Amino acid sequence: MNLLRYNPITDFNDQELELLILKGIKTIPCFILQDASSISTLTSIDLKRIRSNQEKIARCLQSPLRSLNKIFNRQLESKYFIPTGYEEFDDFIGGGIRTGEITGLHGPSGMGKTQFALHMCLKCATEGEEVLFIDTDANFPAERLSNMCKDAPPSVNQPSVFKRIHVYQELSFFNLMKFLDSLQKDLRKPDGVYRNVRLIVLDSYTNPLQELIEYRVKPTHRSAYTPIRSAYNRALRSLVMYRQDLSIIASYHNRSFNFLESNNCGLVLDFDKDPENGSLQIAVIQGERIERPIYSGLGPTFELDAFSLF
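Counting starts from 1 at the beginning of each chain's written sequence and moves along it residue by residue. Restriction of local features to residues with pLDDT of at least 70 applies here, the model being predicted, together with a cutoff of 80 or more for giving and counting side-chain atom pairs; totals for whole chains, interfaces and linings are based on all residues. Neither water nor hydrogens contribute to the side-chain values; these are computed over all heavy atoms in the structure.

Draft legend 1. Geometry of the nonpolar core. Joining through side-chain atoms within 4.5 Å is the link that ties buried Ala, Val, Leu, Ile, Met, Phe, Trp, Tyr and Cys residues into a set, and such a set is a nonpolar core. Partly exposed residues are those whose accessible area sits between 20% and 50% of the maximum for their type, while under 20% is buried and over 50% is exposed, using a 1.4 Å probe and protein chains only. In this structure, F89, I97, F116, L199, L269, F271 and I282 are the most contacted members of the largest nonpolar core, which totals 37 residues. For helices the rule is a DSSP run of H or I covering at least 4 residues; for strands it is a run of E covering at least 2, with both sets numbered from the N terminus onward. Contributing elements (two or more residues each) for this core: α6 (87–93), α7 (113–126), β4 (130–135), β6 (197–203), β8 (265–273) and β9 (280–287). Ranked by residue count, the leading element in this core is α7, at eight residues. Two residues form a contact once any of their heavy atoms are found within 4.5 Å. Among all residues touching I282, those that are not within four sequence positions of it are F89, F116, L269, D270, F271, P300, T301, F302, L304 and F307. In this structure, M177, I200, L236 and V240 belong to the second largest nonpolar core, which totals 28 residues.

Draft legend 2. Spotlight on the side chain of Q184. Position of Q184 relative to the elements: it lies in helix α10 (residues 173–187). A polar atom in the side chain of Q184 sits 3.1 Å from the side chain of S238. When near neighbours in sequence (up to four residues on either side) are disregarded, Q184 contacts S238, L239 and Y242. Pairs of N or O atoms are called polar contacts if they sit within 3.5 Å, as long as, within protein, a hydrogen donor faces a hydrogen acceptor (for residues adjacent in sequence, only side-chain-to-side-chain pairs).

Draft legend 3. Inspection of the pairing of β6 at higher detail. When you tally the buried positions in β6, you get seven out of seven residues, the bulk of the element. Pairing geometry for β6 and strand β7 (residues 247–252), over four bridges, is parallel. Note that in β7 the partner of L202 across the bridge is A250. Two strands form a pair only when DSSP identifies at least two bridges running between them.

Draft legend 4. View of the confidence of the model for the protein chain. Within a predicted model, pLDDT stands for the predictor's per-residue confidence, ranging from 0 to 100. Looking at the protein chain as a whole, its pLDDT mean stands at 81, while 80% of the residues score no less than 70. When pLDDT is averaged over each helix and strand of the protein chain, the minimum, 53, is found for helix α5 (residues 68–78) and the maximum, 96, for β4.

Draft legend 5. Summary view of the sheet that holds strand β5 (residues 165–169). As summarised here, the arrangement of the eight strands in space is β5-β4-β6-β7-β3-β8-β9-β10, forming an open sheet in which the pairing is mixed. One side of each edge strand has no neighbouring strand; the edge strands of this open sheet are β5 and β10 (301–303). Taken pair by pair, the neighbouring strands of this sheet meet at an average axis angle of 20°, ignoring direction. Taken together, the five bridges between strand β3 (residues 102–106) and β8 define a ladder with parallel strand orientation. Pairing of G104 across the sheet is with V268, part of β8. Convention adopted: a line fitted to C-alpha atoms gives each axis, helices being fitted over their contacting stretch, and angles between N-to-C directions are expressed from 0 to 180 degrees. Against the sheet, α7 touches β3, β4, β5, β6, β7, β8 and β9, its axis set at about 165° to β6.

Draft legend 6. Here's a closer look at the pairing of β8. For β8, the buried fraction is high: seven of the nine residues fall into the buried class. By the bridge criterion, seven bridges tie β8 to β9 in an arrangement that is antiparallel. Considered in β9, the bridge of D270 is made with A283. Between β8 and the antiparallel strand that follows it, β9, lie six residues; G278 among them carries a positive phi value of about 80°.

Draft legend 7. Layout of the packing of aromatic side chains. Each Phe, Tyr or Trp ring, with Trp reduced to its six-membered ring, pairs with another whose centre is within 6.5 Å; inter-plane angles below 30 degrees give stacked pairs, above 60 give edge-to-face pairs, and intermediate values give tilted ones. Applying the stated criterion to the full structure yields 15 aromatic pairs. Both rings, one in Y86 and one in F302, keep their centres 5.7 Å apart while their planes meet at 90°; by these two values the pair is edge-to-face. Here the residue Y86 occupies a position in the loop between β1 (81–82) and α6, and F302 occupies one in strand β10, the gap between them amounting to 216 residues. F302 carries the same exposure label as Y86, and that label is buried. Pairing F173 with F174 gives two aromatic rings, centres 5.4 Å apart and planes at 80°, and the pair type is edge-to-face.

Draft legend 8. Just the layout of surface pockets, in detail. Think of a 1 Å grid over the protein atoms and nothing else: a 1.4 Å probe that fits but is trapped marks a cavity, an open set flanked by protein within 12 Å on at least five of seven lines marks a pocket, and residues with an atom within 4 Å of a point count as lining. Grid points are joined across faces, edges and corners, and a volume is the space filled by probe spheres set on the points. In this model, the second largest pocket occupies a volume close to 280 Å³. Taken together, 20 residues form the lining of the second largest pocket, with K113, T114, D137, R144 and D203 sitting closest to its centre. Within the residue set of the lining of the second largest pocket, elements represented by two or more residues are α7, β4 and β7. Among the elements that line the lining of the second largest pocket, the one with the most residues is α7, at three residues. Among the residues making up the lining of the second largest pocket, the classes are represented as five nonpolar, ten polar and five charged. For this scheme, ten residues count as nonpolar: Ala, Val, Leu, Ile, Met, Phe, Trp, Tyr, Cys and Pro. Four count as charged, namely Asp, Glu, Lys and Arg, and the remainder, Gly too, count as polar.

Draft legend 9. Structural view of the pattern of salt bridges. Any Lys or Arg side-chain nitrogen found within 4 Å of a carboxyl oxygen on Asp or Glu counts as a salt bridge. Taken as a whole and judged by the stated rule, the model has six salt bridges. A salt bridge links D11 to K56; its shortest N-O distance comes to 3.0 Å. Here D11, found in the segment before α1 (14–22), pairs with K56, found in helix α4 (residues 47–61); they are 45 residues apart in sequence, far enough to count as distant. Between D245 and R198 there is a salt bridge whose closest N-O contact spans 3.2 Å. Within this pair, whereas D245 is found in the loop between α12 (226–241) and β7, its partner R198 is found in strand β6, the two being separated by 47 residues in sequence. Judged by its relative accessible area of 22%, D245 is partly exposed. Relative accessible area serves as the criterion here: at 18%, R198 is assigned to the buried category. Where salt bridges share partners, they join D11, E16, R49 and K56 into one cluster.

Below, the structure is given as structure tokens:
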């Protein structure tokens, strides 16, 4: 829970979290070690709320403020990365797909988001980890998944790999919310059905909202759905709040539905097609661990075909 947005102790709302992150206060050590009045002046958040949340974290950790950096460094070490199979890409994003946070995949249909998600499912499963694939299209690409394994070496037991990938299909937003609530409880149980899951893929984040939000028909009604999407985001964030060894990958195909960006995702990848040669490419448009600055998503691009599965 090194990132401020994923900490279950504080009670900042989404707007306050966004203000803090925009001002560079992205991690708990950064938040708690800064003077409360300075943060309040910088963000216009009420001083009492700043102090109250700093005190909550301090009480929870039961440790002097001066040693919090060491505490969070140890916590950081308990997390791990899921390598993507493309060394140059992994180096750029800080090691791979990070556990303890949400990774967003953005792009039009047919640009490789599902392919990348399936690729990460297989990467985890071939390493003995369990995966949960939440399919909101009712069209899980089982055949494509099988074809991706056709070049697997003999050492890879394909039936065992596929057995580690659990698929849950749901079209209804409200039924999905019920499932996410039960999933949060299940992940924390020693005998939970999904207790060994290390990666959750939501493909896609957008589809369940289509029945509720008609942007193109009633663009003036967007604010009415703010509580709904906030609850949706909280349900996803809560999964990684309490399971720092868990990673979530969520795809969405419309920038109008970019509710996951900013204060929800630690990493956002953009999928598009090269206009010159037609190859599928990935660009990083948001990443908090990237040392090299990204200006409006104008960072380097990576060929999707370069990601090695085996």
